[in-house]
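These are the residues of each chain, in order.
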Amino acid sequence: GTLMALLFGLPLAWLLFRTDLPGRHVALALCIGPAILPPLLITMGGARFLMDGLQTLFGLEGGSLQIGSAVLVFGCVLFPLVVLLVGRALSAVPAGAVEAARLLGGPRAAFRRVVLPAVLPAVFGAAALVFVLAWSDFTVPDVLGFMLPAGSSPINVFPTEILLQWKQNATSRAVATGVPFLLVTG
């Protein structure tokens, strides 16, 4: 999900914050729309379409179909975080430094020596935020597990495993299972 959000968000951030694209403010407002809605709502509305597409294009079935659909849902829902965080960093890159690097070494040198160092912390921060939000959400994969074709066996994600462990035996084993999850999420 993090990789999909980066693949969708980075080019959009560049287009919306580093170009003079007509209507870019409207495009930015429309781009933020998916982040306003809960991922579960997007899943309920578009899961069947996504699952049918993944089955047809890649032949995914069962747990692979469930995880592939979850990756697409998280990529489509969380890419606005990448756009906003990386876009702000892109807009803060000084034009003079980019132009000087471009004159001295060309466009690639300008990107490599000026833009990339200024934007990389925002890219890593956005990726970490998207990862934690996607990793801690168990509702999307669980709902997608219920939508699998008949005869398919769904898989459980880590938060669901913690919940099942706690329901089976509310002991120190359940707590020990949840500690790594809490550490990464924290």
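About the thresholds
- Residues numbered from 1 in each chain as written.
- Predicted model: local features only at pLDDT ≥ 70, side-chain atom pairs only at ≥ 80, totals over all residues.
- Heavy atoms only, no water.
- 1 Å grid on protein atoms, 1.4 Å probe; cavity = no way out; pocket = protein on both sides within 12 Å on 5 of 7 lines; lining within 4 Å.
- Points joined across faces, edges and corners; volume = space filled by probe spheres on them.
- Helix = DSSP H or I, 4+ residues; strand = E, 2+ residues; numbered from the N terminus.
- Nonpolar A, V, L, I, M, F, W, Y, C, P; charged D, E, K, R; others polar.
- Buried < 20%, exposed > 50% of the residue type's maximum accessible area, 1.4 Å probe, protein only.
- Contact = heavy atoms within 4.5 Å.
- Axes fitted to C-alpha atoms, helices over the stretch in contact; angles between N-to-C directions.
- Parallel < 35°, antiparallel > 145°, perpendicular 65-115°, else oblique.
- Left-handed = near helix turned anticlockwise from the far one by under 90°.
- Expected span 1.5 Å × (residues − 1).

Quick look at the layout of surface pockets
Roughly 230 Å³ of volume is contained in the largest pocket. If you trace the largest pocket, you find 14 residues lining it, with Gly1, Phe74, Ala134, Trp135 and Val157 closest to the centre. The set of elements that each furnish at least two residues to the lining of the largest pocket consists of α4 (62-91), α6 (107-136) and α8 (158-168). By residue number, the principal contributor to the lining of the largest pocket is α4, which donates four residues. Looking at the lining of the largest pocket, its residues break down into eleven nonpolar, two polar and one charged.

Some points on the environment of Trp14
One can find Trp14 in helix α1 (residues 2-18). Using a relative accessible area of 35% as the deciding quantity, one classes Trp14 as partly exposed. For the pair Trp14 and Asn169, spaced 155 residues apart in sequence, the C-alpha to C-alpha distance is 50 Å. In contact with Trp14, other than residues within four places in its own chain, are Thr19, Leu90, Phe111 and Val115.

A short note on the packing of helix α2 (residues 24-36) against α4
Direction vectors running N to C along α2 and α4 enclose 130 degrees, while the axes themselves pass 6 Å from each other. Classified by the angle their axes make, α2 and α4 are oblique. Viewed along their axes, α2 and α4 form a crossing whose handedness is left-handed. Facing Leu28, Cys31, Ile32, Pro34 and Ala35 of α2, the residues of α4 in contact are Cys76, Val77, Phe79, Pro80, Val83 and Leu84.

Some words on α1
The end-to-end C-alpha separation of α1 is 23 Å, in line with the 24 Å expected for 17 residues at 1.5 Å each. All buried positions along α1 are accounted for by Thr2, Met4, Ala5, Leu6, Gly9, Ala13, Leu16 and Phe17. As for α1, its buried residues are in contact with α2, α4 and α6.

Thoughts on the environment of Leu72
Its location among the elements puts Leu72 in helix α4. Considering only alpha carbons, one finds Leu72 and Gly1, 71 residues apart in sequence, at a separation of 6.4 Å.

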